[in-house]
Amino acid sequence: MDRELQIAFPHVYCELDFTTPLELSVATILSAQCTDVRVNMVTPALFRRYPDATAYASAQREELEEMVRTTGFYRNKANSIIGLGQALLERFDGEVPGRLEDLVTLPGFGRKTANVVLGNAFGVPGITVDTHFGRLVRRWNWTAETDPVKVEHAVGELIERKNWTDLSHRVIFHGRRVCHAKKPACGVCVLAADCPSYGEGPTDKTAAAKLVKGPETDHLLALAGVTA
């Protein structure tokens with residue numbers, strides 16, 4: 001199934017826009033209960049206003065809250081981001097550390113955020129267990145675990161460590177584009193032959209094709225023998 005996903009999504013990437021580990025850290029905090037598209041609309045102005053940890057640590061709370069308001073839960077997110085800036089100044093010379101054990105001690109960070117930052121900003125393999133990832137690996141019977149940390153460890157035993165970051169992207173891409181929660185596009189899914197949940201969504205190719213989303217749609221439909 002991993003090999004099929006590599007064919008379906010040969011070019012994967014973090015869908016949050018960033019240029020530094022700090023920018024990715026802030027964007028990932030903002031992405032909680034929010035779409036990456038919305039976060040990417042907010043962060044250009046945010047990153048210009050707050051270019052480093054010092055700027056976040058000394059931010060005016062009301063101003064920062066207003067800038068991130070549209071991402072939801074803006075008060076909690078502003079608290080986390082200000083706290084992040086302060087913690088980085090106090091303990092890490094203003095720089096985002098590149099170790100999991102350090103990252104998970106920072107405000108706004110759990111293992112998911114830490115693995116996003118490690119995998120995409122530092123090139124350290126990590127499995128990102130977001131809503132899509134957990135939902136799909138359970139749908140595929142890769143694991144029955146529901147706790148994200150247990151899911152991370154269970155899947156990590158199935159896949160080579162060097163592939164963890166790209167696997168995370170591919171599973172998340174597949175969840176967003178094809179294997180939707182309520183109505184998966186089973187009829188045009190590259191995993192149809194191996195998926196134990198095949199049939200939860202429409203198996204007719206024409207009906208399933210209408211459910212596929214994203215920039216890879218033409219490629220995914222071509223793999224299924226459907227003309228877009």
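Because the structure is predicted, anything quoted here is derived from the model rather than measured.

(A) Spatial organisation of the overall build of the protein. In terms of regular secondary structure, the protein is built from 13 helices and zero strands. In the protein, the succession of helices and strands from N to C terminus is α-α-α-α-α-α-α-α-α-α-α-α-α. Over its C-alpha atoms the protein spans a radius of gyration of 19 Å, differing by no more than 12% from the 17 Å that the globule rule assigns to 228 residues. With respect to the principal axes defined by its C-alpha atoms, the protein has extents near 55 × 35 × 25 Å. Burial status across the protein gives 52% buried among its 228 residues.

(B) Just unusual backbone geometry, in detail. If you check the backbone angles, Asp93 has positive phi at about 55° while not being a glycine. In this structure, Asp93 sits in the loop between helix 6 (74-91) and helix 7 (100-103). Positive phi is not limited to glycine here, since Asn141 has a value of about 65°. Among the structural elements, Asn141 can be located in the loop between helix 9 (131-139) and helix 10 (148-156). The class of Asn141 is exposed, set by a relative accessible area of 58%.

(C) Summary view of the layout of surface pockets. Put simply, the largest pocket is a space of about 670 Å³. What lines the largest pocket is a set of 32 residues, and nearest its centre among them are Asp36, Lys112, Asp130, His132 and Arg176. Only helix 8 (111-121), helix 9 and helix 11 (164-177) provide two or more residues apiece to the lining of the largest pocket. Ranked by residues supplied to the lining of the largest pocket, first place goes to helix 11 with seven residues. Looking at the lining of the largest pocket, its residues break down into 10 nonpolar, 16 polar and six charged.

(D) The arrangement of the pattern of salt bridges in detail. Inspection of the entire model under this criterion finds 10 salt bridges. When the shortest N-O distance is used, the salt bridge between Arg49 and Glu63 registers 2.8 Å. Here Glu63 lies in helix 5 (residues 61-68) and Arg49 lies in helix 3 (residues 36-49), a separation of 14 residues in the sequence. Across the pair Arg177 and Glu216 runs a salt bridge whose closest N-O atoms are separated by 2.7 Å. A residue pair is termed long-range when its members are at least 10 positions apart, and Arg177 in helix 11 and Glu216 in the loop between helix 12 (205-209) and helix 13 (217-223) qualify at 39 residues. Note on accessibility: Arg177 and Glu216 belong to one class, buried. Residues joined in a network through salt bridges with shared partners are Glu15, Asp36, Arg176, Arg177 and Glu216.

(E) Spotlight on the packing of helix 5 against helix 6. Between helix 5 and helix 6, the shortest axis-to-axis distance is 9 Å and the interhelical angle comes to 120°. On the basis of the axis angle, helix 5 is oblique to helix 6. The two elements helix 5 and helix 6 cross, and the hand of that crossing is right-handed. Together, Arg61, Leu64, Glu65 and Val68 of helix 5 and Tyr74, Arg75, Ala78, Asn79, Ile81 and Ile82 of helix 6 make up the contact between the two elements. Broken down by class, the residue content of the contact of helix 5 with helix 6 amounts to six nonpolar, one polar and three charged.

(F) Looking closely at the packing of aromatic side chains. Evaluation of the coordinates by the stated rule reveals four aromatic pairs. Consider the rings of Tyr13 and Phe173, whose centres lie 5.2 Å apart with planes at 80°: the pair is edge-to-face. Of this pair, Tyr13 sits in the loop between helix 1 (2-8) and helix 2 (21-30) while Phe173 sits in helix 11, and the two are 160 residues apart along the sequence. Judged by its relative accessible area of 38%, Tyr13 falls in the partly exposed class. For Phe173, a relative accessible area of 1% puts it in the buried group. Residues Tyr50 and Tyr56 carry aromatic rings whose centres are separated by 5.3 Å and whose planes lie at 25° to one another, so their mutual orientation is stacked. Through a chain of ring-to-ring contacts, three or more aromatic side chains come together here, namely Phe9, Tyr13 and Phe173.

(G) Geometry of helix 10. Listed in full, the buried residues belonging to helix 10 are Val151, Glu152, Ala154, Val155 and Gly156. Residues of helix 10 that are buried make contact with helix 8, helix 9 and helix 11. Where helix 10 begins, the capping side chain belongs to Asp147, and its oxygen is found 3.1 Å from the backbone nitrogen of Val149.

Reading the values: rules and limits
- Residues numbered from 1 in each chain as written.
- Predicted model: local features only at pLDDT ≥ 70, side-chain atom pairs only at ≥ 80, totals over all residues.
- Heavy atoms only, no water.
- Helix = DSSP H or I, 4+ residues; strand = E, 2+ residues; numbered from the N terminus.
- Rg over C-alpha atoms; globule rule 2.2 N^0.38 Å.
- Buried < 20%, exposed > 50% of the residue type's maximum accessible area, 1.4 Å probe, protein only.
- 1 Å grid on protein atoms, 1.4 Å probe; cavity = no way out; pocket = protein on both sides within 12 Å on 5 of 7 lines; lining within 4 Å.
- Points joined across faces, edges and corners; volume = space filled by probe spheres on them.
- Nonpolar A, V, L, I, M, F, W, Y, C, P; charged D, E, K, R; others polar.
- Salt bridge = Lys/Arg side-chain N within 4 Å of Asp/Glu carboxyl O.
- Axes fitted to C-alpha atoms, helices over the stretch in contact; angles between N-to-C directions.
- Parallel < 35°, antiparallel > 145°, perpendicular 65-115°, else oblique.
- Left-handed = near helix turned anticlockwise from the far one by under 90°.
- Contact = heavy atoms within 4.5 Å.
- Phe/Tyr/Trp six-rings, centres within 6.5 Å; stacked < 30°, edge-to-face > 60°.
- Polar contact = N/O pair within 3.5 Å; in protein donor to acceptor, adjacent residues only side chain to side chain.

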